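Survey of secondary and tertiary structure
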Amino acid sequence: MAEIKNYTINFGPQHPSAHGVLRLILELDGEVIQRADPHIGFLHRATEKLAETKTYLQNVPYMDRLDYVSMMCNEHGYVLAVEKLLGINVPERAQYIRVMFDEITRLMNHLMWLGAQALDVGAMAVFLYTFREREDLFDCYEAVSGARMHAAYYRPGGVYRDLPDTMPQYGETTVRSAKEVSERNANRQGSLLDFIEDFTNRFPGYVDEYETLLTDNRIWKQRLVNVGVITPEQAKALGYTGPMLRGSGVEWDLRKKQPYEVYDRLDFAIPVGVNGDSYDRYLVRVEEMRQSNRIIRQCIDWLRTHPGPVMTDDYKVAPPPRAKMKAGMEELIHHFKLFSEGFHVPPGEAYAAIEGPKGEFGVYIVSDGANKPYRLKIRAPGFAHLQSLNEMVKGHMIADAVTILGSIDLVFGEIDR
Amino acid sequence: MDKALQLQQALQDTLGDLVESMTLALGEITVVVDSARYLPVMQALRDAPGLQFDELIDLCGMDYSEYGNAAWKGPRFAVVTHLLSLLHNWRVRVRVFVPEAANVVIASVTEIWPAANWFEREAFDLYGILFDGHPDLRRILTDYGFIGHPFRKDFPVSGYVEVRYDEEQKRVVYQPVTIEPRELTPRVIREDDYGRR
């Protein structure tokens, strides 16, 4: 009788289904995984250390680059923590704009996740469809901030500027005729809000399309159902948040339980899973997309009828308007101070959390009264989720490891920070 | 009754003299615990019926050596934990200063919350805080074979070594850093009445 030994293989750090730079050491018995040891840190940029050397305002763009598929949500967590320490209030319109863009970001994240997860499992087409919708959402980002991904749009005290009245349009090129261009520009004739409203009208139909492709698909179910099951007790012990926790049947959503901004005034539902497997997490996220769509519509309705400031008028924190600056000495000094030295945050500590698309994104800031954070700790949801990988993949086949990695919704920008 | 006050009362009832101080600021409660009582307090926070912090949200290291303008008195390192109770819907922050000795050692809470595993590895990697009782205390974020603890305040932002590809040796080599960190905006702490006189 030959002695049979477990076989150890290396997976990554460059592997298409590792969602970036994950290295896994898998101990196998035949094709069954006995133990998985994730090695992370290949994308470690020491964001938290860099933040200690930058002023509070300079740190905002670093937040975009954490979870680089849900940019504005990261900014949101950061500005909330700064605002808590400063004790300033944000104008209502800015709060609605933030909520609307949080939900747009959630759609972007879930679309990215859905496409990638389907691709991992072997369905190529979904990826192409989800990226078609993401393109429209990137255009919203571009219209409002000038950048398609790393927006740096939320600022302590509000948002950088009000929603624009026009949408950027396609121009005629050698490969696109005038007729084609005008068709593409058809829904870009009005303001940004018109464009988003047009999107929210189309979007539920798109989600139906994805569901037609996946939800009852036999292969999809064979690959996802009962793969990576996590019980509610395990989920709590392992520090799960967001769709991962809800997939296990725990009804917990910060937007409902600890509402920030204006979420308590909006009407939406929280989907909850039953079995805690990859398939339930898929269903939860798909339903979340529909709910986000509802929230966006409510925000549009409110924003249309309520013009107003989008930035606090506390010039010690937010820059004064350009016109005032040209005429007033006081405003000029404020502007100079803000962009040379930056604003000072009172000594203390604060933790602010938002319901990010992946889970609870928290920012813990310790300030000693300087113009830079003394310590900034980013609580990334993916970090807690990935550490439980061993629990989830034990006893599954190698191919299931890929499914489970996909269902965690990993982005290494936030895990490695 | 206000949620935070209610929690403060519950903490007072359960923990009583076990904690060094309890402060309520900005709607958040911070509990400071002596390192000798760290584990019993954490156990009580999870298990006491009135508290039931069933989720560990975050655990991080802190280096207080350059805090404020005056020299820092007291232990240099601390471990800060954020806990969440799904049942009662409240949060608490626990800070424990790590006693100064030859090694910076504190008890591990992985037995209470398995989620602490990677967070403690991270605090060890970045700050060199050792967690007694941790099942697998390896570096997590820094490079294989990395030397030092980069988030300590005396570690330069640029680090000590850099890598480059060496054309002659045909491999990647480590060498001392060739860049110097620049500080464009100096760090300043103004007096309280600055700009208001």
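Structural data are supplied above this passage.
1. Here's the deal with the sheet that holds strand β2 (residues 23-29) of chain A
Residue and element names in this part refer to chain A.
- Strand order across the open sheet formed by 3 strands is β1-β2-β3, with antiparallel pairing between neighbours. Edge positions in the sheet fall to β1 (7-11) and β3 (32-39), since each of these pairs with one other strand and no more. Averaged over neighbouring strand pairs, the angle between their axes works out to 20° when direction is ignored.
- With 5 bridges connecting them, β1 and β2 associate as antiparallel partners. Each bridged residue has a counterpart across the sheet, and for Thr8 the counterpart in β2 is Glu27.

2. Quick notes on the pattern of salt bridges
Residue and element names in this part refer to chain A.
- If you walk through the whole model with that rule in mind, you get 50 salt bridges over all chains.
- Ionic pairing is found between Arg265 and Glu92, a salt bridge with its closest N-O pair at 2.3 Å. Of this pair, Arg265 sits in the loop between α11 (254-257) and α12 (278-305) while Glu92 sits in helix α4 (residues 92-121), and the two are 173 residues apart along the sequence.
- Connected via shared salt-bridge partners are Glu103, Arg106, Arg246, Asp253, Arg255, Glu288 and Glu355.

3. Here's the deal with the side chain of A:Thr403
Residue and element names in this part refer to chain A.
- If you trace the backbone, Thr403 turns up in helix α17 (residues 398-408).
- Of the residues examined, Thr403 reaches a relative accessible area of 0% and is grouped as buried.
- Apart from the residues lying within four places of it in its own chain, the contact partners of Thr403 are Gln117, Val121, Arg223, Leu224, Val227 and Ser278.

4. Comments concerning the interface of chain A and chain B
- If you look at the interface, chain A gives 62 residues, while chain B gives 54 residues.
- Interface area for chain A against chain B, summed over the two sides, is near 4800 Å², with a carbon-plus-sulfur share of 54%.
- It is A:Lys49, A:Tyr374 and A:Gln387 that lose the most area in chain A upon contact with chain B, and together they represent 15% of the buried surface on that side.
- For the pair chain A and chain B, the number of links is 12 salt bridges.
- Here B:Arg187 and A:Asp368 are joined by a salt bridge, their closest N and O atoms 2.8 Å apart.

Rules of the game
- Think of each chain on its own: its residues are numbered from 1, step by step along the sequence as written.
- Labels follow written order: the first chain is A, the first ligand is 1, and so on.
- Predicted model: local features are reported for residues with pLDDT of at least 70 only, side-chain atom pairs are reported and counted for 80 or more only, and whole-chain, interface and lining totals are derived from all residues.
- No hydrogens and no water enter the side-chain calculation; it runs on all heavy atoms of the structure.
- Note: two strands are recorded as paired if DSSP finds a minimum of 2 bridges between them.
- A run of DSSP states H or I qualifies as a helix once it reaches four residues; a run of E qualifies as a strand once it reaches two. Both are numbered from the N-terminal end.
- The angle between two axes is taken between their N-to-C directions and runs from 0 to 180 degrees, where each axis is a line fitted to C-alpha atoms and a helix contributes only its stretch in contact.
- Take a side-chain nitrogen of Lys or Arg and a carboxyl oxygen of Asp or Glu: if they are within 4 Å of each other, that pair is a salt bridge.
- Exposure is judged per residue with a 1.4 Å probe applied to protein chains only, and the accessible area is read against the type maximum: over 50% gives exposed, under 20% gives buried, and values in between give partly exposed.
- Between two residues, a contact is recorded if the distance between any of their heavy atoms is within 4.5 Å.
- What gets called buried area is simply the loss in accessible area from a 1.4 Å probe that two parts show on being joined, summed for both.

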